[in-house]
Amino acid sequence: METWRLLLEAEASPAANMAVDEALLRAMRSRGRPVLRIYGWDRPCQSLGYFQPAAEAIPDLPFVRRYTGGGLVDHREDLTYTVVLPRAHPLLGVSMAESYAAMHEGVAEALTLIGLDAELAAQADATDSSACFQKAVCYDVTVHGRKVAGAAQRRTREGLLHQGSVLLPDPGQRPDLRKVLPEAMAEALRIEFSRDEITPEEAERAAKFERERYATEAWNQQR
């Protein structure tokens, strides 16, 4: 059975969180082990998709630009996770939609474990919005027709970066979801996890990305 690294991390700044995600992606070329990272935010904030205009950010709420696309995500009440896979992983041999659905099967299973009637959206909503949770796309996770989980992906020569967010109807359930998400992902993807921490090399690279990219106006205001 395939073994993934499991990183259960504390809250960090918006810039630091995005920097760690990219550092894990870049490390795939040499380290090569899939990663599930579950983490939090040390302040009220939002993230914008890579291609999103900075003008679409919620006024007076700090934001960081993600390395993935997608829409605006308000991180004041959500649970966030990241999956990073090496280029040779089988989930990069299928379409982006198929890999997206595979990840969300695990999220839906986790929501079921905490008592919610979760399922994958069969099609995209007819309405349009720049905010992630205002519009479900195919294979997003819904509860009674309302979108509760979305994600964005980016594929590079190193591998796949999948950044996901879950907005629960009751934010008080976040600790429960954080606890069961690895179990549910393991069952859905037929894998197992080994608890781990980021390596010194990954931490050094993340610090560089934070300093030179995610904490800068040049990066965050570029569009």
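Residues numbered from 1 in each chain as written. Predicted model: local features only at pLDDT ≥ 70, side-chain atom pairs only at ≥ 80, totals over all residues. Heavy atoms only, no water.

Before we go on, may I ask you to explain the overall build of the protein chain in this structure?
Along the protein chain, the regular secondary structure elements total five helices and 11 strands. Its C-alpha atoms give the protein chain a radius of gyration of 16 Å, near enough to 17 Å, the size a compact globule of 223 residues would have. Counting only C-alpha atoms and orienting by the principal axes, one finds that the protein chain spans roughly 45 × 40 × 35 Å. Counting across all 223 residues of the protein chain, residues that qualify as buried make up 54%. Restricting to contacts in the protein chain with at least 6 residues of sequence separation, those with at least 24 account for 70%. Of the roughly 10,300 Å² of accessible surface on the protein chain, a fraction of 49% belongs to carbon and sulfur atoms. Distance between charge centres in the protein chain, computed from 27 positive and 33 negative side chains, equals 7 Å. (Helix = DSSP H or I, 4+ residues; strand = E, 2+ residues; numbered from the N terminus. Rg over C-alpha atoms; globule rule 2.2 N^0.38 Å. Buried < 20%, exposed > 50% of the residue type's maximum accessible area, 1.4 Å probe, protein only. Contact = heavy atoms within 4.5 Å. Areas by Shrake-Rupley, 256 points an atom, 1.4 Å probe, with all protein chains shown as cover. Lys, Arg positive; Asp, Glu negative; His and termini not counted. Charge placed at Lys NZ, Arg CZ, Asp CG, Glu CD.)

Quick question: what am I supposed to make of unusual backbone geometry here?
A negative phi angle is the norm for most residues apart from glycine, just as the trans form is the norm for most peptide bonds. In this structure, Tyr 139 is a non-glycine residue whose phi angle is positive, near 75°. Relative to the elements of secondary structure, Tyr 139 occurs in the loop between strand 7 (118-120) and strand 8 (141-143). For Arg 190, which is not glycine, the phi torsion reads 60° and is therefore positive. With respect to the helices and strands, Arg 190 occurs in the loop between helix 3 (174-189) and strand 11 (191-195).

What's the story with the packing of helix 1 (residues 14-27) against helix 4 (residues 200-214) in this structure? I'm lost.
Two quantities define a packed helix pair, namely the angle between the axes and the distance from one axis to the other. Relative orientation of the contacting elements helix 1 and helix 4 amounts to 125°, with a least axis distance of 8 Å. Compared by their axis directions, helix 1 and helix 4 come out oblique. At the point where helix 1 passes helix 4, the crossing takes the right-handed sense. Counting all contacts with helix 1, which are made through Ala 15, Ala 16, Met 18, Ala 19, Val 20, Glu 22, Ala 23, Leu 24, Arg 26 and Ala 27, the residues of helix 4 involved are Glu 202, Arg 205, Ala 206, Phe 209, Glu 210, Arg 213 and Tyr 214. Residues that form the contact of helix 1 with helix 4 fall into these classes: 11 nonpolar, no polar and six charged. (Axes fitted to C-alpha atoms, helices over the stretch in contact; angles between N-to-C directions. Parallel < 35°, antiparallel > 145°, perpendicular 65-115°, else oblique. Left-handed = near helix turned anticlockwise from the far one by under 90°. Nonpolar A, V, L, I, M, F, W, Y, C, P; charged D, E, K, R; others polar.)

What's the story with the side chain of His 162 in this structure? I'm lost.
Turning to its location among the elements, His 162 is positioned in strand 10 (residues 159-166). A polar atom in the side chain of His 162 sits 3.0 Å from the side chain of Gln 153. Not counting residues up to four positions away in its chain, the partners in contact with His 162 are Tyr 81, Thr 82, Val 83, Tyr 100, Met 103, Ala 151, Ala 152 and Gln 153. (Polar contact = N/O pair within 3.5 Å; in protein donor to acceptor, adjacent residues only side chain to side chain.)

Any chance you could explain the sheet that holds strand 4 (residues 63-65) here in plain terms?
In spatial order, the strands read 4-3-5; together these three strands make up an open sheet with mixed pairing. Unpaired on one side and paired on the other, strand 4 and strand 5 (73-74) mark the two borders of the sheet. Of the pairings in the sheet, the one linking strand 3 (residues 46-48) to strand 4 comprises three bridges and is parallel in character. What sits directly across from Gln 46, in strand 4, is Phe 63. (Pairing = 2+ DSSP bridges.)

Can you walk me through the packing of aromatic side chains in this structure?
Enumeration over the complete set of coordinates arrives at six aromatic pairs. Taking the centre distance of 6.1 Å and the plane angle of 90° together, the rings of Trp 4 and Phe 193 count as edge-to-face. Residue Trp 4 is located in strand 1 (residues 2-12), and its partner Phe 193 is located in strand 11; the two are separated by 189 residues in the primary sequence. Overall, Trp 4 belongs to the buried group, its relative accessible area being 1%. Judged by centre distance (6.4 Å) and plane angle (75°), the ring pair of Tyr 50 and Tyr 67 falls under edge-to-face. In this pair, Tyr 50 is assigned in the loop between strand 3 and strand 4 and Tyr 67 in the loop between strand 4 and strand 5, connecting sequence segments 17 residues apart. The buried category is assigned to Tyr 50, whose relative accessible area is 16%. Note on Tyr 67: relative accessible area 10%, which makes it buried. When the ring centre of Tyr 39 is taken as origin, the NZ or CZ atom of Arg 37, which lies over that ring, is 3.9 Å away. (Phe/Tyr/Trp six-rings, centres within 6.5 Å; stacked < 30°, edge-to-face > 60°. Lys NZ or Arg CZ within 6 Å of the ring centre and 35° of its normal.)

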